[in-house]
Protein chains: 2
Amino acid sequence: MPTSTFFNLPPPKREKLLHAAIVEFARRPYGEVSINRIIQGAEIPRGSFYQYFADKTDLFRYVLRGYDNMLETAIMKSLEACGGRPLEIPLALYDLVLDYIRENWAQFELFMGILQKNMGMDAGQLLSLPEMVLKVINQADWRGLEHLEADERLAVMDLLFSAAGHALMAVFCEKLSSEESRRRLAIKTAVIQRGARYKEEPSC
Amino acid sequence: MPTSTFFNLPPPKREKLLHAAIVEFARRPYGEVSINRIIQGAEIPRGSFYQYFADKTDLFRYVLRGYDNMLETAIMKSLEACGGRPLEIPLALYDLVLDYIRENWAQFELFMGILQKNMGMDAGQLLSLPEMVLKVINQADWRGLEHLEADERLAVMDLLFSAAGHALMAVFCEKLSSEESRRRLAIKTAVIQRGARYKEEPSC
DNA sequence: CTTGACATGTGACAACCTGTCATGTATGAT
DNA sequence: ATCATACATGACAGGTTGTCACATGTCAAG
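Being a predicted model, the structure only gives us computed values, none of them experimental.

Peer 1: An account of the overall build of chain A is requested, with residue identities and associated values reported.
Peer 2: Scanning chain A from terminus to terminus reveals 11 helices and 0 strands. Reading the secondary structure of chain A in the N-to-C direction produces α-α-α-α-α-α-α-α-α-α-α. Taking all 204 residues of chain A together, the buried fraction comes to 47%. Sequence separation of 24 or more characterises 69% of the internal contacts of chain A that already satisfy a separation of 6 or more. As presented, chain A carries roughly 10,500 Å² of accessible surface, and 52% of it is formed by carbon and sulfur atoms.

This is the structure we're talking about:
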């Protein structure tokens, strides 16, 4: 947690520091992030930085927090966009995020840069995705689906959100075109919906 | 790639260096790995290290490569263990890896430590999992299943392998017990098999 | 043997990094 | 005007990496 001193800072100074930090985190993997470069970017002396943040992880945690709300908003919007139908949510989320990316490219490039460069370090645990998935499950409308136990709902949404995350990451890392990545996500959704069933004797 | 000099090293020396590196990578996140500690552990002078490896990433890549084959073996064994039935493979893999972990704890703790501490940095791209998944798809026996296009097969196995990976990681990070993690993986498998279907008018 | 060409070993070094801390400065209450 | 508290600051110790000039092996040809 940043110190109270940081929050008492005049907003322009605070934001300048934050921006310098975001840029640096987006450009290099965590281990190579240099506080020196950050304070140069923010034009504050070294000592001041440590007045505001305990260390690099403290700053990193704080930076990521800032994106958590954004992601939650996107998820809630996509829940709405597909009328609460749970299986459609991850695809809607994919579209929404990609649209957002195109409009706010600079912003998102930073965010994805941070995720890409640091995922695994801590990012996974810092973004409170698991909680968000639970929230979505509770708010989604499951009535149109054949009955699923709570465990099964969790399983389905876990699979789909994880797939959506991979799909977005693949686009950002330029491993796949956005169309191809969307197509694959759609196939995954469809397969989960239809099921990969073992053959049975005809029963009707 | 390590230099040829490295490969010309007398095996004991080479392995001592490698072991020191593995231990260090397993103990700290990539950015905090200290070449100083590695060369102290291996009892070689600093200059020698740079005669063998271009830098830290070069060493890291090489270390990870060593585990790639191990993983491939495990996957192929699990393919066999479940008689080629594709949907069972990830569960079999989960069991196999967990058994292996219990028997070769020291080895695997290192491996998982490396993955956990560095995943996202590069590990995902270094382990050639995507290729392995393709191989499994080709070798599995899809005849028992209702027809799936090639794309759909890829989608299914992608979902399941990703789920298996998460399941193992959850156990290792002690976020879940091995039983609970296996249970969730089994549910995911079952859901994918059965499908999360929208209700239809009765058709028979 | 001796020479020389080449592969390998070596540690001092510059240049960078982080987190601390003693000291200086502002600000607001009394 | 005094004082306490909050804040600003850069020099510093101790760590890091990658390089490089030089020392030492090794091996084939004269």
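Peer 1: I'd love a proper account of the domain arrangement of chain A, names of residues and values included.
Peer 2: Residues and elements named next belong to chain A. Here chain A is partitioned into domain 1 (1–54) and domain 2 (65–194). Domain 1 and domain 2 are separated by 30 Å when their C-alpha centres are compared. Taken as a group, Ile22, Ala26 and Tyr30 account for 64% of the area that domain 1 buries against domain 2, more than any other trio of residues on that side. Applying the counting rule to domain 1 against domain 2 returns 0 salt bridges. Classifying every residue of the side of domain 1 that touches domain 2 by side-chain character gives 6 nonpolar, no polar and 2 charged.

Peer 1: Describe in detail the nonpolar core, supporting the description with residues and values.
Peer 2: In terms of nonpolar packing, the biggest core is built from 109 residues, with A:Leu17, A:Phe25, A:Ile114, A:Val156, A:Met157, B:Val156 and B:Met157 touching the most fellow members. The leading source of residues in this core is helix α10 (residues 150–172) of chain A, at 13 residues. Residues contacting A:Val156, with those up to four places away along its chain left out, are A:Leu87, A:Leu148, A:Ile192, B:Val191 and B:Ala196. Counting residues in hydrophobic clusters, the runner-up holds 25 residues, among them B:Leu9, B:Ala21, B:Ile38 and B:Ile39.

Peer 1: A description of the interface of chain A and chain B should follow, citing residues and the corresponding values.
Peer 2: With 41 residues of chain A at the contact, the number on the chain B side is 41 residues. Summed over both partners, the interface of chain A with chain B buries about 3,700 Å², with 57% contributed by carbon and sulfur atoms. Area buried by chain A at its contact with chain B is led by A:Leu159, A:Arg197 and A:Tyr198, which between them contribute 21% of it. Across the chain A-chain B interface, the total number found is 6 salt bridges. Between A:Glu152 and B:Arg194 there is a salt bridge whose closest N-O contact spans 2.5 Å. Where chain A meets chain B, there are 20 residue pairs in polar contact (both at pLDDT 80 or more). Element by element, the count of residues in the side of chain A that touches chain B is highest for α10(A), at 10 residues. Its residues assigned to classes, the side of chain A that touches chain B shows 17 nonpolar, 10 polar and 14 charged.

Peer 1: Residue-level account of the protein's contact with DNA strand D, with values.
Peer 2: Around DNA strand D, the surrounding shell holds 17 residues, and the nearest of these are A:Thr5, A:Gly47, A:Tyr52, B:Ile35 and B:Tyr50. Of all the secondary-structure elements, those providing two or more residues to the surface near DNA strand D are α1 (4–8) and α4 (46–52) of chain A together with α3 (35–42) and α4 (46–52) of chain B. In terms of residue count, α4(A) provides more of the surface near DNA strand D than any other element does, 4 residues in total. When grouped by side-chain class, the residues that make up the surface near DNA strand D number 6 nonpolar, 7 polar and 4 charged.

Peer 1: Which residues make up the protein's contact with DNA strand C, and what are the values?
Peer 2: Taken together, 17 residues form the shell around DNA strand C, and within it A:Ile35, A:Asn36, A:Tyr50, B:Thr5 and B:Tyr52 come nearest. The share of sugar and phosphate among atoms of DNA strand C within 4 Å of the protein is 65%. A:Ile35 is positioned such that a nitrogen or oxygen atom in its backbone is 2.6 Å from a phosphate oxygen of DNA strand C. Here A:Arg46 contributes a side-chain N or O atom positioned 3.0 Å from a base nitrogen of DNA strand C. For the surface near DNA strand C, the secondary structure elements donating two or more residues are α3 (35–42) and α4 of chain A together with α1 (4–8) and α4 of chain B. Among the elements that take part in the surface near DNA strand C, α4(B) stands out by supplying 4 residues, more than any other. A breakdown of the residues in the surface near DNA strand C according to their chemical character gives 6 nonpolar, 7 polar and 4 charged.

Peer 1: Report on unusual backbone geometry, specifying residues and quantitative values.
Peer 2: Residues and elements named next belong to chain A. With a phi close to 55 degrees, Glu43 is a non-glycine residue in the positive phi region. Position of Glu43 among the secondary structure elements: in the loop between α3 and α4. According to the relative accessible area criterion, Glu43 is exposed, its value standing at 61%.

Peer 1: With reference to specific residues and values, describe the relation of the copies chain A and chain B.
Peer 2: Between the two copies of the chain lies a relationship made up of a rotation around an axis and a movement along it. Between chain A and chain B, the superposition needs a rotation of 179 degrees and an axial shift of 0.1 Å, giving an RMSD of 0.2 Å. Considering both components of the superposition, the chain copies are consistent with a two-fold axis. When the interface residues of chain A are mapped onto chain B, 100% of them again fall at the interface, so both copies present the same face.

Peer 1: I'd like a rundown of the packing of aromatic side chains, residues and numbers included.
Peer 2: Scanning the entire structure with this criterion turns up 20 aromatic pairs over all chains. On the numbers, 5.2 Å between centres and 80 degrees between planes, the contact of B:Phe49 with B:Tyr50 is edge-to-face. On the basis of relative accessible area, B:Phe49 is assigned to the buried category, the value being 0%. Across from the ring centre of A:Tyr30, 5.0 Å away, lies the NZ or CZ of A:Lys56, which sits over that ring. The cationic tip of A:Arg85 hangs over the ring face of B:Tyr198; the distance from NZ or CZ to the ring centre is 4.2 Å.

Reading the values: the criteria
- Residues numbered from 1 in each chain as written.
- Chains lettered and ligands numbered in written order.
- Predicted model: local features only at pLDDT ≥ 70, side-chain atom pairs only at ≥ 80, totals over all residues.
- Heavy atoms only, no water.
- Helix = DSSP H or I, 4+ residues; strand = E, 2+ residues; numbered from the N terminus.
- Buried < 20%, exposed > 50% of the residue type's maximum accessible area, 1.4 Å probe, protein only.
- Contact = heavy atoms within 4.5 Å.
- Areas by Shrake-Rupley, 256 points an atom, 1.4 Å probe, with all protein chains shown as cover.
- Domains from an automatic or database assignment.
- Buried area = accessible area lost by both parts, 1.4 Å probe.
- Salt bridge = Lys/Arg side-chain N within 4 Å of Asp/Glu carboxyl O.
- Nonpolar A, V, L, I, M, F, W, Y, C, P; charged D, E, K, R; others polar.
- Core = buried A, V, L, I, M, F, W, Y, C linked by side-chain atoms within 4.5 Å.
- Polar contact = N/O pair within 3.5 Å; in protein donor to acceptor, adjacent residues only side chain to side chain.
- Near = heavy atom within 4 Å.
- Least-squares fit on C-alpha atoms with pLDDT ≥ 70 in both.
- Phe/Tyr/Trp six-rings, centres within 6.5 Å; stacked < 30°, edge-to-face > 60°.
- Lys NZ or Arg CZ within 6 Å of the ring centre and 35° of its normal.

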